[in-house]
Amino acid sequence: VGMGLVICPIFSAELAPRRERGSLTSFNELFINVGIPLAYLVGLLLRGQPHDWRWMLASGSVPAIFLFVMTCFLPESPSWLLKHGRDTEANMIVNQLVDPSETDEVRSRAVKQTIKEMKRDMYTQKSMASWEEMFYSKENQEAMFIGLSFAGFQQLIGLDSLVFYSVYTLTNYGVDETTALQVTLAMGLLKLGFTILTVMIVDDAKIGRRIPVLIGGTFNVIAMAIMAGATFFPHSLTTEAFLIFGILLFVSAFGFGYGPMCWLILAEIFQGPFRSKGLSLGSVTNRLCSFLVVSTYLSFINALGYGPTFTLYTFICVAALIFSYTYLPDLTGKVMGVKNARETD
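Residues numbered from 1 in each chain as written. Predicted model: local features only at pLDDT ≥ 70, side-chain atom pairs only at ≥ 80, totals over all residues. Heavy atoms only, no water.

(A) Representation of the overall build of the chain in the model. When its secondary structure is counted, the chain shows 18 helices and 0 strands. Looking at the chain residue by residue over its 345 residues, the buried ones come to 47%. Sequence-distant contacts in the chain: of pairs separated by 6 or more residues, those separated by 24 or more amount to 80%. (Helix = DSSP H or I, 4+ residues; strand = E, 2+ residues; numbered from the N terminus. Buried < 20%, exposed > 50% of the residue type's maximum accessible area, 1.4 Å probe, protein only. Contact = heavy atoms within 4.5 Å.)

What follows is the structure, given as structure tokens:
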């Protein structure tokens, strides 16, 4: 899973022409969100069967086997081939991506333009950056600061505490288990729906990367504040409704903003020599922050209660929104690498 989180966004970003890079790279997050409600649904269907937990675990092997088989047929990314001097193979792969209904002239022009963009994006004249250059190179410092901070904030706002402990949170507050399971399924479906919406609009030059992040981040603040306010009061039908509404609004906003945008921004923000290591560091930062949130959530709930815990997450959501507004660049339709894009503006 960790390898997939790194490789999929890099492969998509390197395969896609600039005008389609946002939507294709966001497919990674999109299909993760397809799997989440499917997993919830399988769990609901198998619940109560003999050895149900064994069947739940075994069901995960079906898509895993399919993924393994299909991966064997994947080509190398054209950018990687260009970097290693295999231009002919790169041209063949890019040619397969062009609409076959176009004329030969249009196809040839599209292939040449895409190859030109890829060569510029990947900085083929430079070698892969070392780990020392990753941390100390001046031309990479801004990308490191923005990329790793954004990857960390994506998890620190508390999504995984809601995803992993949604049933516990709701039932412990007083919601019945059946309703809690239905809310969990609704969470997965809403997150998927809003991720699909983002994939559809992210390459629009009038919308780009910043607008979904800022809109989603704003509603993350509102949703977490609603959850905090509701849980400061004893359980009632009204506070239960507000808590459920806050949870559903939060995952919807995350699916629209921070969720798909994190991996797209990490794939775009680093220049070619720094990209693979940068995305790896971003993934590690993201997973470490997820582990921190998940491993401390129950301790916070037991020590502070729901209201103060969600209030803490609200302040983190505010910090994430301020950071995104202040530092996040928009690389829609530009060369990859925040430094490269600003030099060409």
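(B) Structural detail: helix 14 (residues 237-256). For helix 14, built from 20 residues, the straight-helix expectation of 28 Å at 1.5 Å per residue is met to within 8% by its first-to-last C-alpha distance of 29 Å. Counting buried positions along helix 14 gives 14 out of 20 residues, so the element sits mostly inside the fold. (Expected span 1.5 Å × (residues − 1).)

(C) Summary view of the environment of Thr198. Mapped onto the secondary structure, Thr198 falls in helix 12 (residues 177-201). Other than its neighbours up to four places away in sequence, Thr198 contacts Pro212, Gly255, Phe256, Pro260 and Met261.

(D) Local environment of the pattern of salt bridges. By the definition in use, this model includes 3 salt bridges. For the salt bridge of Glu268 with Arg209, the shortest nitrogen-to-oxygen distance reads 2.4 Å. On the criterion of sequence distance, the pair formed by Glu268 in helix 15 (residues 258-269) and Arg209 in the loop between helix 12 and helix 13 (210-231) is long-range, its members being 59 residues apart. (Salt bridge = Lys/Arg side-chain N within 4 Å of Asp/Glu carboxyl O.)

(E) The arrangement of the nonpolar core in detail. Counting 58 residues, the largest nonpolar core has Phe150, Leu170, Leu243, Phe250 and Phe310 as its most contacted members. Broken down by element, this core gets its largest block of residues, 9 residues, from helix 15. By size, the runner-up hydrophobic cluster in this structure holds 10 residues, among which are Leu81, Leu82, Ala90 and Val98. (Core = buried A, V, L, I, M, F, W, Y, C linked by side-chain atoms within 4.5 Å.)

(F) Local environment of the side chain of Asp160. Along the chain, Asp160 turns up in helix 10 (residues 159-164). For the buried Asp160, which has no salt bridge, the nearest side chain bearing the opposite charge is Arg287, at an N-O separation of 4.2 Å. When neighbours within four sequence positions are excluded, Asp160 is seen to be in contact with Gln155, Tyr165, Arg287, Ser290 and Val294. (Lys, Arg positive; Asp, Glu negative; His and termini not counted.)

(G) Region of interest: the packing of helix 11 (residues 166-173) against helix 12. Running from amino to carboxyl end, helix 11 crosses helix 12 at an angle of 145 degrees, the nearest separation of the two axes being 9 Å. The two elements helix 11 and helix 12 cross, and the hand of that crossing is right-handed. When helix 11 is examined against helix 12, the residues Ser166, Val167, Leu170 and Thr171 are found in contact with a partner set consisting of Glu177, Ala180, Leu181, Val183, Thr184 and Met187. For the contact of helix 11 with helix 12, a count of residues per class yields 6 nonpolar, 3 polar and 1 charged. (Axes fitted to C-alpha atoms, helices over the stretch in contact; angles between N-to-C directions. Left-handed = near helix turned anticlockwise from the far one by under 90°. Nonpolar A, V, L, I, M, F, W, Y, C, P; charged D, E, K, R; others polar.)

(H) Just the packing of helix 9 (residues 138-156) against helix 15, in detail. Where helix 9 contacts helix 15, the axes come no closer than 10 Å and their chain directions differ by 160 degrees. Taken together, the axes of helix 9 and helix 15 lie roughly antiparallel to each other. As helix 9 packs across helix 15, the resulting crossing turns out to be left-handed. Listed contacts from helix 15 to Ala143, Ile146, Gly147, Phe150, Ala151 and Gln154 of helix 9 are Tyr258, Gly259, Met261, Cys262, Trp263, Ile265, Leu266 and Ile269. Residue classes in the contact of helix 9 with helix 15 are distributed as 11 nonpolar, 3 polar and no charged. (Parallel < 35°, antiparallel > 145°, perpendicular 65-115°, else oblique.)

(I) View of the environment of Lys119. Along the polypeptide, Lys119 turns up in helix 7 (residues 104-122). Sequence separation between Lys119 and Pro78 is 41 residues; the distance between their C-alpha atoms is 9.5 Å.

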